[in-house]
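Chain residues, written in single-letter form:
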Amino acid sequence: MALPPMPLPPTGPEQLFAARLAADPGGPLVTFYDDATGERAELSAKSLANWVAKTHFLLVDELGAAVGDRAFVRLPVHWLAAPILLGCWYAGLEVVTDPATATIAFGDADSLSALITPDRLNGAFAVSLLSMARPSTPPPGMADYASSVRPMPDSWAAVRAQAGPGDAALAGRSRAELGEAARQAAGELGLGPAGRLMWTAAWTAPQDWIASLLAPLAVGGSVVLVRNPDPARGTARGEAEHATVSH
């Protein structure tokens, strides 16, 4: 049964993440399974904050990205999407679905090779989908995200959100609109306070990021992302991970 949207004041994804980090820095926030490879990874809010900080500094310090720049992101269901999206938002970037409008791009190598011209961009990062975020050899003209982001500072205390609540954040939506959309998605999913969402659907549109990554933040909860899900493992996994909602 769907729950009503959480009665909270409008806030953007940065504030939702900061609130979750402050409330429970050590508990699981993003758990990831790939049933095709057997991989399992888990990040607390504190660990994710380190990755977000590194991505933020890669964009701001290394690339010189400015507030209002646009980043194209195309990834299958994967935990690395969380630090990439949040890192972009903390740097003041708008995440877009049309690569022709972007100055920076993140994606799996196959998707990026088919969709972008690297020499037109300020930065193009191939995101390796190998376990443990191991780097891989990127296509010509691109950099490997893992290799590029690891040397960056992980000082969360130095990270400051670079944009106000009215700035575009995702395909034309403002940060405040994203926060509201996250609370609405939580209600539609039936995800209550501190709920744990198990997400097995593919990502096909920005709304899927809102529902799978931002809705759990909006209720102070967590998410289990499953790539290449094996239906035979669903029930047992949901019980083992203490999922309160499956989608």
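Above this text sits the structure in question.
Everything numeric in this text was worked out from a predicted model, so none of it was measured.

A tally of regular secondary structure across the protein chain gives 8 helices and 12 strands. A compact globule built from 247 residues would reach a C-alpha radius of gyration of about 18 Å, and the protein chain, at 17 Å, matches this within 12%. Overall size of the protein chain, expressed as C-alpha extent along the three principal axes, is 50 × 40 × 30 Å. Counting contacts in the protein chain only where the partners sit at least 6 residues apart, residues at least 24 apart contribute 70% of the total. With the model as given, the accessible surface of the protein chain reaches about 10,200 Å², and the carbon-plus-sulfur share is 55%. Charge-centre separation for the protein chain: the mean point of 17 positive side chains lies 3 Å from the mean point of 24 negative side chains.

The next point concerns the layout of surface pockets. Roughly 160 Å³ of volume is contained in the second largest pocket. Elements represented by at least two residues in the lining of the second largest pocket include exactly β3 (70-74) and α7 (206-218). Taken together, the residues that form the lining of the second largest pocket break down as 8 nonpolar, 2 polar and 1 charged.

We now examine the nonpolar core. Among the nonpolar cores identified, the biggest contains 69 residues, and Phe106 and Tyr145 are the most heavily contacted of them. For this core, the element with the highest residue contribution is helix α2 (residues 45-62), accounting for 9 residues. Apart from the residues lying within four places of it in its own chain, the contact partners of Phe106 are Leu59, Phe72, Val73, Arg74, Ile84, Cys88, Leu112, Phe125, Val127 and Tyr145.

So, about the environment of Leu86. The topology assignment puts Leu86 in helix α3 (residues 81-90). Spatially, the C-alpha atoms of Leu86 and Pro13 are 7.4 Å apart, while their sequence positions differ by 73 residues.

All right, on to the packing of aromatic side chains then. Any aromatic ring pair is given by two values, namely how distant the centres are and how the planes are angled relative to each other. Going through the model one piece at a time under the given rule, you end up with 6 aromatic pairs. With a centroid separation of 5.5 Å and 80 degrees between ring planes, the pair formed by Phe17 and Trp156 is classed as edge-to-face. Placement of the pair is Phe17 in helix α1 (residues 13-23) and Trp156 in the loop between α5 (145-149) and β8 (168-170), with a sequence separation of 139 residues. Taking the relative accessible area as the measure of exposure, Phe17 reaches 0% and is therefore buried. Connected via pairs of aromatic rings, a cluster forms that spans Trp51, Trp79, Phe106, Phe125 and Tyr145.

Further remarks concern unusual backbone geometry. Although it is not a glycine, Met132 adopts a positive phi angle of roughly 60 degrees. Following the sequence through the fold, Met132 ends up in the loop between β6 (123-126) and β7 (143-144). A positive phi angle is found at Ala194, which is not glycine, with a value near 60 degrees. Locating Ala194 in the fold gives a position in the loop between α6 (175-189) and β10 (196-199).

Okay, the sheet that holds strand β2 (residues 39-44) next. With respect to topology, 5 strands assemble into an open sheet ordered β2-β1-β11-β10-β12, the strand pairing being mixed. Strands at the two margins of the open sheet, each flanked by one partner only, are β2 and β12 (245-246). Both β10 and strand β11 (residues 222-227) contribute to a ladder of 4 bridges, which runs parallel. Residue pairing for β11: Leu197 is matched across the bridge by Val223. With respect to the sheet, α2 is in contact with β1 (28-34) and β2, its orientation differing from that of β2 by roughly 90 degrees.

A separate point is the packing of α1 against α6. Viewed as axis vectors pointing N to C, α1 and α6 meet at an angle of 55 degrees, and their least axial separation amounts to 8 Å. By the angle between their axes, α1 is oblique relative to α6. Judged by residue contacts, Pro13, Glu14 and Leu16 of α1 engage Arg175, Leu178, Gly179, Ala182 and Arg183 from α6. Taken together, the residues that form the contact of α1 with α6 break down as 4 nonpolar, 1 polar and 3 charged.

Criteria and thresholds
Residues numbered from 1 in each chain as written. Predicted model: local features only at pLDDT ≥ 70, side-chain atom pairs only at ≥ 80, totals over all residues. Heavy atoms only, no water. Helix = DSSP H or I, 4+ residues; strand = E, 2+ residues; numbered from the N terminus. Rg over C-alpha atoms; globule rule 2.2 N^0.38 Å. Contact = heavy atoms within 4.5 Å. Areas by Shrake-Rupley, 256 points an atom, 1.4 Å probe, with all protein chains shown as cover. Lys, Arg positive; Asp, Glu negative; His and termini not counted. Charge placed at Lys NZ, Arg CZ, Asp CG, Glu CD. 1 Å grid on protein atoms, 1.4 Å probe; cavity = no way out; pocket = protein on both sides within 12 Å on 5 of 7 lines; lining within 4 Å. Points joined across faces, edges and corners; volume = space filled by probe spheres on them. Nonpolar A, V, L, I, M, F, W, Y, C, P; charged D, E, K, R; others polar. Core = buried A, V, L, I, M, F, W, Y, C linked by side-chain atoms within 4.5 Å. Buried < 20%, exposed > 50% of the residue type's maximum accessible area, 1.4 Å probe, protein only. Phe/Tyr/Trp six-rings, centres within 6.5 Å; stacked < 30°, edge-to-face > 60°. Pairing = 2+ DSSP bridges. Axes fitted to C-alpha atoms, helices over the stretch in contact; angles between N-to-C directions. Parallel < 35°, antiparallel > 145°, perpendicular 65-115°, else oblique.

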